[in-house]
Amino acid sequence: MKEVKLFLGPQHPGMHGNYSVHMYVDGDIIKKANPMPGMLHRGFEKLMERRYWMGNIALIPRICVVEPDINEMVYAMGVEKLAKIEVPERAHWIRMIILELARLAIHLMSFGGIGGPTGLYTASYWSVADRDLILDIFEKITGARVYHMYIVAGGVRKDLPKGIEEEIIKFLDYIETRFPEYEELILKNPIIHARLKDNILLPKEVVHELGVTGIGMRSAFNKANDIRKVKPYARYDQVEFDVPFGPYSDAYTRVSYKLIEMKQSVRIIRQSLEKMPKEGPVRVSYSTGNAIRWTVPSGMVYPVIESSRGEYGYLMVSDGSDKPYRIAVRGASYPQGLLGVEKYLPGHRIDDASIWMATMDVCAPEIDR
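What counts and how
- Residues numbered from 1 in each chain as written.
- Predicted model: local features only at pLDDT ≥ 70, side-chain atom pairs only at ≥ 80, totals over all residues.
- Heavy atoms only, no water.
- Core = buried A, V, L, I, M, F, W, Y, C linked by side-chain atoms within 4.5 Å.
- Buried < 20%, exposed > 50% of the residue type's maximum accessible area, 1.4 Å probe, protein only.
- Helix = DSSP H or I, 4+ residues; strand = E, 2+ residues; numbered from the N terminus.
- Contact = heavy atoms within 4.5 Å.
- Disulfide = S-S within 2.5 Å.
- Pairing = 2+ DSSP bridges.
- Axes fitted to C-alpha atoms, helices over the stretch in contact; angles between N-to-C directions.
- Phe/Tyr/Trp six-rings, centres within 6.5 Å; stacked < 30°, edge-to-face > 60°.
- Salt bridge = Lys/Arg side-chain N within 4 Å of Asp/Glu carboxyl O.
- Parallel < 35°, antiparallel > 145°, perpendicular 65-115°, else oblique.
- Nonpolar A, V, L, I, M, F, W, Y, C, P; charged D, E, K, R; others polar.
- Left-handed = near helix turned anticlockwise from the far one by under 90°.
- UniProt positions renumbered as here; feature names shortened; annotations may be inferred.
- Arc of directions from axis to C-beta.

Draft legend 1. Summary view of the nonpolar core. Membership of the largest hydrophobic core comes to 111 residues, with the highest contact counts inside it found for Val21, Ile186 and Tyr314. Here this core takes twelve residues from helix α3 (residues 89–113), the largest share from any one element. Not counting the four nearest positions on each side in its chain, Val21 is found in contact with Leu6, Phe7, Leu8, Met15, Ala33, Asn34, Val341, Leu345 and Met357.

Now the structure itself:
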């Protein structure tokens, strides 16, 4: 039978960002898949080497549009490690609040986003509306809804606005009332069961081969391999939270883990608000002289954090000048989003391709870095 070439993305409700997959199909079975990244290529890594350390703060959030704060955090951690900067106690807790709000936002978008490729559009409408409430909070704290440029070397750019703690608690109370409704709408829905259960399997050996981390790894390896637990940063070692894990990774399991992680993010934020010092500095000065052209001592570091998709880190090299000598980004979705698409998408049905992309958590700009 003659093969037919089909395009999934970049303009497609089931595609994540500026990305495309060229699929060669026989009937409704995918025989070959060619990932086509590069549509958002800005040369982030090389561009960072041409900009001042300070100038990169405006660039790095764009490496993952839907979860930009992780870039600010690893970049700040790298500079702080090279320059031996001690972050103020209050700033550590504020950073955790920001990062967990960001995790809630991306998980909401992804959890409800499964409605796109399955036809359950109510889920998408609900989650986008609820995510918008988090963006409202971000706007009040940072002045921006998406690209915050808030977590900086030495702490955070400015202190929390007056009264924002009460607004965050009000949102947490609200979103906790929504979780049972999301569970009823999505996880107990027969459409979702039929499309996701025992489908898009991620075996342990494939996880190991590709280097998948995050929910993909935890749901296959039956271990709580979460950077926040195994190599705590900020003050994650001072809060209690659980990490879901299991021995069987199908599309349904991976989606259901996102709801569990959202509940845990709420726990972390509540504890952070309670344990955070009520006052004190939120940023220390890391340089004297020109505020734009500050320098960073020579050295090489690899700061790493747990993003919503897994291990996320920067390999950073400084030669002591006012610009980075080398920065390489370890994007959490690179393994499954590039090699994984080419090697393991074939054999699935055409209508499962979007589910494959959604439940493998691909953020295209991480590949285009």
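There's plenty left to go through after this.
Draft legend 2. How the structure looks around the state of the cysteines. With the rule as written, the count across this model stands at one disulfide. A disulfide bridge connects Cys64 with Cys363, and the sulfur atoms are separated by 2.5 Å. Every disulfide takes its handedness from the sign of the S-S torsion; for Cys64 and Cys363 that torsion is 120 degrees, giving right-handed. One end of the pair, Cys64, is in the loop between α1 (44–50) and α2 (69–83); the other, Cys363, is in the loop between α13 (353–359) and α14 (364–367), and 299 residues separate them in sequence. Across the pair, Cys363 and Cys64 agree in class, each one buried.

Draft legend 3. The sheet that holds strand β3 (residues 29–36), seen in detail. Here three strands make up an open sheet; going across it, the order is β1-β2-β3 and the pairing antiparallel. Edge positions in the sheet fall to β1 (4–8) and β3, since each has one partner strand and no second. Looking at each pair of strands side by side, their axes are set apart by 25 degrees on average, direction ignored. Bridge analysis of strand β2 (residues 20–26) against β3 gives seven bridges, and the strand direction is antiparallel.

Draft legend 4. Quick look at the packing of aromatic side chains. Under the criterion given, the structure shown has six aromatic pairs. Centre to centre, the rings of Trp53 and Tyr75 are 6.2 Å apart; their planes meet at 40 degrees, and the pair counts as tilted. Taken together, the positions of Trp53 in the loop between α1 and α2 and Tyr75 in helix α2 put the pair 22 residues apart, joining distant regions of the chain. Relative to Tyr236, the ring of Tyr233 has its centre 5.0 Å away and its plane inclined at 65 degrees; by these criteria the two rings are edge-to-face.

Draft legend 5. Up close: the pairing of strand β8 (residues 310–318). In terms of residue burial, β8 counts as a mostly covered element, since seven of its nine residues are buried. When strand β6 (residues 299–301) meets β8, the two strands line up antiparallel, connected through three bridges. When the sheet's bridge partners are listed, Val301 is paired in β8 with Met316. In this structure, strand β7 (residues 304–307) lies alongside β8, joined through four bridges in antiparallel fashion. Paired with Ile305 across the bridge in β8 is Tyr312. Both β8 and strand β9 (residues 326–330) contribute to a ladder of five bridges, which runs antiparallel. Of the residues in β9, the one forming a bridge with Val317 is Arg326.

Draft legend 6. Up close: the pattern of salt bridges. Under the counting rule described, the total for this entry stands at 30 salt bridges. The residue Glu45 makes a salt bridge to Arg326 at a minimum N-O spacing of 3.8 Å. Here Arg326 lies in strand β9 and Glu45 lies in helix α1, a separation of 281 residues in the sequence. A residue is classified by how much of its surface remains accessible, and Glu45, at 13% relative accessible area, is buried. Taking relative accessible area as the criterion, Arg326 reaches 29% and is therefore assigned partly exposed. The partner of Lys343 in a salt bridge is Glu209, with the nearest N and O atoms 2.4 Å apart. Within this pair, whereas Lys343 is found in helix α12 (residues 334–344), its partner Glu209 is found in helix α8 (residues 204–210), the two being separated by 134 residues in sequence. Here Lys343 falls in the partly exposed class, since its relative accessible area comes to 45%. A cluster of three or more residues bridged by salt bridges with shared partners is formed by Glu100, Arg103, Arg218, Asp226, Arg228, Glu261 and Glu306.

Draft legend 7. Molecular detail of the packing of helix α5 (residues 121–142) against helix α6 (residues 164–187). Their axes nearest at 11 Å, the elements α5 and α6 cross at an angle of 170 degrees. In terms of orientation, α5 and α6 fall into the roughly antiparallel class. Of the residues in α6, those touching α5 at Thr122, Ala123, Trp126, Ser127, Asp130, Leu133, Ile134, Ile137, Lys140 and Ile141 are Ile164, Glu167, Ile168, Phe171, Tyr174, Ile175, Arg178, Glu181, Tyr182, Leu185 and Ile186. Counted by class, the contact of α5 with α6 contains 14 nonpolar, two polar and five charged residues.

Draft legend 8. Summary view of the packing of α6 against helix α11 (residues 251–275). Two numbers describe how α6 lies on α11: the axes approach to 11 Å, and their chain directions differ by 160 degrees. Viewed along their axes, α6 and α11 adopt a mutual orientation that is roughly antiparallel. As for the relative orientation of α6 and α11, their crossing is left-handed in sense. In this structure, α6 contributes Glu165, Ile168, Ile169, Leu172, Asp173, Ile175, Glu176, Phe179, Glu183 and Leu187 to the contact, and α11 contributes Tyr252, Val255, Ser256, Leu259, Met262, Lys263, Val266, Ile269, Arg270 and Leu273. Residues of the contact of α6 with α11, tallied by class, amount to 13 nonpolar, one polar and six charged.

Draft legend 9. Examining the UniProt feature "domain: NADH-quinone oxidoreductase subunit D" (unreviewed entry) in the chain more closely. Feature annotation in UniProt places "domain: NADH-quinone oxidoreductase subunit D" (unreviewed entry) on residues 119–284 and 295–369, given in this structure's numbering. Helix makes up 58% of residues 119–284 and strand 2%, and the two end C-alpha atoms of the span are 50 Å apart. With 29% helix and 28% strand, residues 295–369 has end C-alpha atoms that lie 24 Å from one another.

Draft legend 10. Layout of α12. Where α12 is concerned, the buried positions are Pro335, Gln336, Gly337, Gly340 and Val341. Buried residues of α12 fall within an arc of 165 degrees about the axis and therefore sit on the same side. Taken together, the buried residues of α12 touch β2, β3, α8, β9, α13 and α14.

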